[in-house]
Amino acid sequence: MQNLVKNILHLTAHLGGGVGHVVLNYLDKVKYNSKYTHKVASLDYINSSAKNRLDDINIIHKDNLSKEYKILMDLISCADIILIHWWNHPLTYEFLVKYSLPECRVIMWSHISGFYAPANFVKPLFNYSDRFIFTTPVSYDVDLIKELPGNHKNKLGSVWSTGGLEHVKTIKSKEHRNFNVGYLGTVDYSKMHKDFLNMSDSIDIDDIKFIVCGGDDEKNIKKYSKLKGIEDKFDFLGKVTDIGKYLAIFDVFGYPLSPYHYGTCDQVLAEAMACGVVPVVFDNPMEKYMVKNGKTGIVVKDKAEYKKAVERLYSNSNLRNKLANNAKKEAFQRFSLDKMINEWENIFDDCLKVRKTEKMWSGKYKGMTSTPFQIFIESTGELGKLFENTMLENNADDTNKLIEMMLVTNLWHSKSKGTLNHYLVFFQDEELKNLKEVIEFECNLKLKKRKGLDNFRGIIS
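To keep things clear, this report deals only with the structure shown in the data block. Please read all numbers here as calculations on a predicted model, not as lab measurements.

This next bit is on the sheet that holds strand S16 (residues 298-300). A sheet is described by the order of its strands in space; here 6 strands give the open sequence S13-S12-S11-S14-S15-S16, paired in parallel fashion. Across the chains shown, the open sheet's two edge strands, defined by having one partner strand only, are strand S13 (234-238) and S16. Ignoring strand direction, the axes of neighbouring strands in this sheet form an average angle of 20°. Looking at chain direction, strand S15 (residues 278-282) and S16 are connected through 3 bridges and run parallel.

Quick look at the packing of aromatic side chains now. What the rule picks out here adds up to 32 aromatic pairs. With 4.6 Å between their ring centres and 50° between their planes, phenylalanine 126 and phenylalanine 132 make a pair best called tilted. Across the pair, phenylalanine 132 and phenylalanine 126 agree in class, each one buried. Seen from the ring of phenylalanine 332, lysine 169 lies directly overhead, with NZ or CZ sitting 6.0 Å from the centre. It is arginine 334 that lies over the ring of tyrosine 289; its NZ or CZ is 4.9 Å from the centre.

With that settled, the discussion passes to the nonpolar core. In terms of nonpolar packing, the biggest core is built from 93 residues, with Ile84, Trp86, Phe95, Leu125, Trp344 and Phe387 touching the most fellow members. Beyond its immediate stretch of four places on either side in the chain, leucine 125 contacts Trp86, Tyr93, Leu96, Met108, Phe132 and Trp361. Formed by 63 residues, the second largest nonpolar core is a distinct cluster that contains Ile221, Phe282, Tyr306 and Val310.

The next subject is the environment of isoleucine 71. Relative to the assigned elements, isoleucine 71 resides in helix H3 (residues 69-78). Distance in space between the C-alpha atoms of isoleucine 71 and glutamate 103 is 16 Å, their sequence separation being 32 residues.

Structurally, the position occupied by glutamate 287 is in helix H12 (residues 285-290). The buried charged residue glutamate 287 lacks any salt bridge, with lysine 191 as its nearest oppositely charged partner at 8.0 Å. Once residues lying within four places of it in the same chain are set aside, the contact partners of glutamate 287 are Leu257, His261, Val281 and Phe282.

Attention now moves to the state of the cysteines. Inspection of every chain in the model, using the stated rule, returns 0 disulfides. Its sulfur unpaired, cysteine 275 is 13 Å from the next cysteine sulfur, which belongs to cysteine 213. Cysteine 275 sits in the buried class, given a relative accessible area of 13%.

A separate point is unusual backbone geometry. Here the residue pair alanine 117 and proline 118 is connected by a cis peptide bond, since its omega of 5° sits within 30 degrees of zero. Of note, proline 118 is situated in the loop between strand S7 (115-116) and strand S8 (119-120). Even without being a glycine, asparagine 58 presents a positive backbone phi close to 60°. Along the chain, asparagine 58 turns up in the loop between helix H2 (48-56) and strand S3 (60-62).

Turning our eyes to something else, we now look at H3. One full turn of an α-helix is made of 3.6 residues, so residues set three or four places apart face in the same direction. Those residues of H3 not exposed but buried are Tyr69, Leu72, Met73, Leu75 and Ile76. Seen end-on, H3 carries its buried residues on one side only, within an arc spanning 160°. Turned more than 90 degrees off the buried face of H3, the exposed positions are Lys70 and Cys78.

Here we come to the pairing of strand S6 (residues 106-110). Of all 5 residues in S6, 5 are buried; the element is thus mostly enclosed. Every second residue of S6 is oriented toward a common face, with Val106, Met108 and Ser110 on one face and Ile107 and Trp109 on the other, all of them buried. Sheet topology places strand S4 (residues 81-86) next to S6; 5 bridges connect them, and they run parallel. Across the sheet, residue isoleucine 84 finds its bridge partner in S6, namely methionine 108.

As a further point, take the sheet that holds S4. Pairing between sheet strands relies on hydrogen bonds along the backbone, with the strands arranged either parallel or antiparallel. Read from one edge of the open sheet, 7 strands run S3-S2-S1-S4-S6-S9-S10, paired in parallel fashion. The outermost strands of the open sheet, each flanked by one partner alone, are S3 and strand S10 (156-158). The average undirected angle you get between the axes of adjacent strands in this sheet is 20°. Set on the sheet, helix H4 (residues 90-98) makes contact with strand S1 (6-12), S4 and S6; between it and S4 the angle comes to about 135°.

Parameters at a glance
Residues take numbers from 1 onward in each chain, read along the sequence in its written order. Under the rules for a predicted model, residues below a pLDDT of 70 receive no local features and side-chain atom pairs below 80 are neither given nor counted, while totals for whole chains, interfaces and linings still include all residues. Values shown for side chains rest on all heavy atoms present in the structure; no hydrogens or waters enter the calculation. Here, a strand pair is defined by DSSP locating no fewer than two bridges between the strands. To qualify as a helix, a DSSP run of H or I must reach at least 4 residues; to qualify as a strand, a run of E must reach at least 2; elements of each kind are numbered from the N terminus. Every angle, taken between N-to-C directions, lies between 0 and 180 degrees, and every axis is a line fitted to C-alpha atoms, over only the stretch in contact when it is a helix. Two aromatic rings from Phe, Tyr or Trp, using only the six-membered ring of Trp, form a pair when their centres are within 6.5 Å; if the ring planes differ by under 30 degrees the pair is stacked, by over 60 it is edge-to-face, and anything between is tilted. Buried, partly exposed and exposed residues are distinguished by accessible area as a fraction of the type maximum, computed with a 1.4 Å probe on protein chains only: under 20%, between the cut-offs, and over 50%, respectively. By definition here, charges over rings are those cases where NZ of Lys or CZ of Arg is within 6 Å of the ring centre and within 35 degrees of the ring normal. Put simply, a nonpolar core is a bunch of buried Ala, Val, Leu, Ile, Met, Phe, Trp, Tyr and Cys residues held in one set by side-chain atoms that sit within 4.5 Å of each other. Any pair of residues with heavy atoms lying within 4.5 Å of one another is described as a contacting pair. Asp and Glu are treated as the negative residues and Lys and Arg as the positive ones, with His and the ends of the chain left uncounted. Here, a salt bridge means any Lys or Arg side-chain nitrogen found within 4 Å of an Asp or Glu carboxyl oxygen. In this description, a disulfide is simply a cysteine sulfur pair whose atoms lie within 2.5 Å. Regarding the arc, it is the one traced by the directions from the helix axis to the C-beta atoms.

Here's what the structure looks like:
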């Protein structure tokens with residue numbers, strides 16, 4: 001008798017953090033599903049908390065598979081569908097570029113919006129995958145997506161990524177001191193607005209307090225608040241394990257993000273809304289999609305509007321309560337884990353109709369001889385030629401274009417997010433090191449020519 005239970009292999013760069021929260025909550029809720037079984041394969045680590053949860057729900061899992069490709073290929077051969085949780089991670093790109101896969105079906109679920117490099121889409125991804133699913137519909141507006149041929153557009157879909165909101169359903173507002181403007185998530189200017197400190201300091205409220213929960217660069221940002229003499233207005237708490245006790249004392253969710261950020265569907269924004277903490281956000285694609293201006297929060301266009309919005313919510317408690325109630329109701333309707341599960345069931349059903357085929361990268365560089373430098377070039381898409389011409393041909397015009405692009409956004413400064421720094425964590429490659437030195441030198445040279453920026457510390461240092 002034919003076995004009707006089909007196996008889904010979840011392939012991820014690592015498991016933990018935001019994507020881990022989504023995957024683990026999904027697996028926990030579908031563990032008794034009779035139609036599909038699930039396994040997890042991680043190229044890098046699965047953190048201890050994630051391992052414990054996977055053990056609790058009896059999900060088979062393997063990690064550090066970038067060093068054990070035979071095991072990974074065996075898992076791929078046995079799976080009915082490979083679901084690659086995709087973002088620009090060095091190990092994921094090494095896997096895609098260097099290794100051809102046995103006959104299989106591949107779905108990619110993008111956990112980045114794709115608007116801005118290095119968190120960008122590249123054309124070979126759509127040749128490689130049988131289906132390519134966005135975590136938010138805003139990704140349909142990416143230029144590369146609009147330009148895809150019809151056969152690739154037919155592969156596209158969108159499933160809103162959520163870890164669910166049940167865990168914040170019982171959180172109630174608690175009595176507290178001060179007017180607390182909360183921030184949860186990535187505390188790094190690759191995600192936050194670069195003027196976060198100045199913008200916050202400009203808000204004219206006597207008893208205001210900014211409670212900042214999260215990491216990557218919070219220590220440096222805290223240090224800078226001290227240098228500016230405004231550290232008393234801020235509590236930088238680093239990564240927290242219990243967000244509930246902070247959501248309970250937030251009056252407003254002040255969430256000003258960089259216009260060039262990589263985010264798609266923000267779990268912490270959804271959680272704040274579900275708790276009735278009114279969000280104030282900028283009019284970036286993701287935030288505009290999640291927050292309805294004047295109904296479930298306030299969407300602003302610039303720093304001046306951000307200041308006025310927080311001050312208005314402070315002085316008008318009736319407005320704050322109205323928006324809070326609307327946000328809470330809408331969050332549970334729109335950001336539902338059950339809805340996400342049903343959508344994935346339909347996609348899996350549809351993908352099983354696709355014939356298994358061998359998978360091979362179709363970029364300029366591919367195969368086992370690809371170097372770390374070439375893998376990085378593949379990950380940058382159309383920008384790849386600028387990096388190559390800067391490094392290999394010393395092309396001054398292309399170098400200038402590259403530097404100007406890097407100076408627009410803080411994304412390239414990050415130690416992760418698919419940057420050159422990130423690739424150097426995994427690949428101690430001389431070409432990558434030399435490229436970093438060239439770019440850092442040129443960035444500093446250009447910035448030192450601009451008034452007031454003599455102390456710039458290096459765009460990618």
